[in-house]
Amino acid sequence: MVCATASATPVVEITIKDHLFYPAELILPAATKIKLLIHNTDPTPEEFESYELNREKVIVGNSSAVIFIGPLKSGTYPFFGEFYPKTAQGKILVK
Amino acid sequence: MLLNSVILILQETLEAALLIAVLLAINTQLRCGHRWLWYGLSMGTVIAFIFASNMGSISESFDYAGQELLNALLQSMICILVAMAVWLITGLKQFQLTDWQGYSQRFAQLCSVIIMLAVIREGQEIILYLSGFLGSSEHIQTVLIGSSIGFGIGASIGILLFYALLGLPTGWKKPTLLVLLALFAGTMLSQSAVQLTQVDWIKQTAPLWDSSGLLAEESMLGELLYALIGYEARPTAAQMIAYATGIGLVCLAAFSGTQYKKHHPANQPTEVAK
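Conventions used here
Residues numbered from 1 in each chain as written. Chains lettered and ligands numbered in written order. Predicted model: local features only at pLDDT ≥ 70, side-chain atom pairs only at ≥ 80, totals over all residues. Heavy atoms only, no water. Contact = heavy atoms within 4.5 Å. Buried area = accessible area lost by both parts, 1.4 Å probe. Salt bridge = Lys/Arg side-chain N within 4 Å of Asp/Glu carboxyl O. Helix = DSSP H or I, 4+ residues; strand = E, 2+ residues; numbered from the N terminus. Buried < 20%, exposed > 50% of the residue type's maximum accessible area, 1.4 Å probe, protein only. Pairing = 2+ DSSP bridges. Axes fitted to C-alpha atoms, helices over the stretch in contact; angles between N-to-C directions.

*Asks:* Run through the interface of chain B and chain A, naming residues and quoting values.
*Replies:* Residue-level contacts link 30 residues of chain B with 25 residues of chain A. Where chain B abuts chain A, roughly 2,500 Å² becomes buried across the two surfaces, and 49% of that area is made up of carbon and sulfur atoms. The largest share of the area that chain B buries against chain A comes from Tyr64, Gln198 and Gln204 of chain B, three residues that together contribute 24% of it. If you look at where chain B meets chain A, you find 2 salt bridges. Note that lysine 57 of chain A is salt-bridged to glutamate 68 of chain B, the shortest N-O span being 3.0 Å.

*Asks:* If you had to explain the pattern of salt bridges to someone new, which residues and values would you point to?
*Replies:* All names here are of chain B. Evaluation of the coordinates by the stated rule reveals 5 salt bridges over all chains. Arginine 121 is paired through a salt bridge with glutamate 15; the nearest N and O atoms lie 2.1 Å apart. With a gap of 106 residues between them, arginine 121 in helix H5 (residues 103-131) and glutamate 15 in helix H1 (residues 2-30) connect regions that are remote in the sequence. An identical accessibility class is assigned to arginine 121 and glutamate 15; each is buried. Through salt bridges that share partners, Glu15, Arg121 and Glu122 make up one connected network.

*Asks:* Tell me about the sheet that holds strand E4 (residues 25-28) of chain A, and name the residues and values.
*Replies:* Residues and elements named next belong to chain A. In space, the 5 strands of this open sheet follow the order E4-E10-E9-E6-E7, with mixed pairing throughout. At either margin of the open sheet sits one strand with a lone partner, and together these are E4 and strand E7 (55-59). Averaged over all pairs of adjacent strands, the angle between their axes in this sheet comes to 20°, without regard to strand direction. Sheet topology places strand E6 (residues 46-50) next to strand E9 (residues 75-81); 2 bridges connect them, and they run antiparallel. Note that in E9 the partner of phenylalanine 48 across the bridge is glycine 81.

*Asks:* I'd love a proper account of the pairing of E6 of chain A, names of residues and values included.
*Replies:* Residues and elements named next belong to chain A. When you tally the buried positions in E6, you get 5 out of 5 residues, the bulk of the element. In E6, alternate side chains face the same way, and those of Glu46, Phe48 and Ser50 on one face and Glu47 and Glu49 on the other are all buried. Pairing between E6 and E7: 5 bridges, direction antiparallel. Looking across to E7, one finds that glutamate 46 is bridged to isoleucine 59. Remark: 4 residues form the turn of the hairpin made by E6 and E7, two consecutive strands paired antiparallel; asparagine 54 in that turn has positive phi of roughly 60°.

What follows is the structure, given as structure tokens:
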């Protein structure tokens, strides 16, 4: 799930499909900067949002977006799709 | 779906509605008319449509940092223009004036551009949200009703603030309006710091504090304070520095505007004939 080379920021991919996040739960290392690469495979736009991570970004349909997070402390960081919050829910567990 | 549309559109509308309320209150005091507001709203909506329809390519530009860079640029420009507007209206003997060296006209023009930029920023998200439901006959009606309610609530809160500001005692009016503008400028610069952090142009640091237990950002009051004074439950140092810089810029503009007019007494405005 986490791909990294020695020097580059680790990249973690998330896919949005049918207004759901895949995977809906991510386990990431603490104190590490991570590059989230989010692919929205739905034809409709979605907004990745997390109050805990202080992140918010619109991702138009059939496109990809990059969001940097971390370094984070251990804990749970929920995120959701603001346009379809009933289904698009996920969380990042930082250990 | 209904409630979600109400909340989402309310969030997006609120900030612009509060900004319009403050600028409208000042313009009413200065008797600058309202035409600037319609120019700003209409130009902003048109440009928001253009940006929204090209958001895919904007987002992918600058190594996927395009959307954040655009937002940060809009927010920084709003901050600078608010400081320029404050320069124009500080140091006046009367807070009511006829056209003074063309200042009131220039102030109205500045307000127009500020509103335009604010509408571009918030409008593109609303347009993208609504566009997602255009093809869905199942949801479109619910979403449109919810969005109208959200828009209505946002606009009502703006109207309430406008009348509350106009109803303030005379001595309180100008300081309150200037403080709100300073906090707004700080908010804009702080939000642009968040955008730049999101794309790693500013280094992410640990939040300075976490007041989400005391007042959650997603609560009604949290959202209102976020829109009015830029409340954040978990601000970083970069955000606080940006916030202070925005406020500092407006204070500097107010000081310099006051000094300029003190040293150019011949330019003092004539009082409005009642």
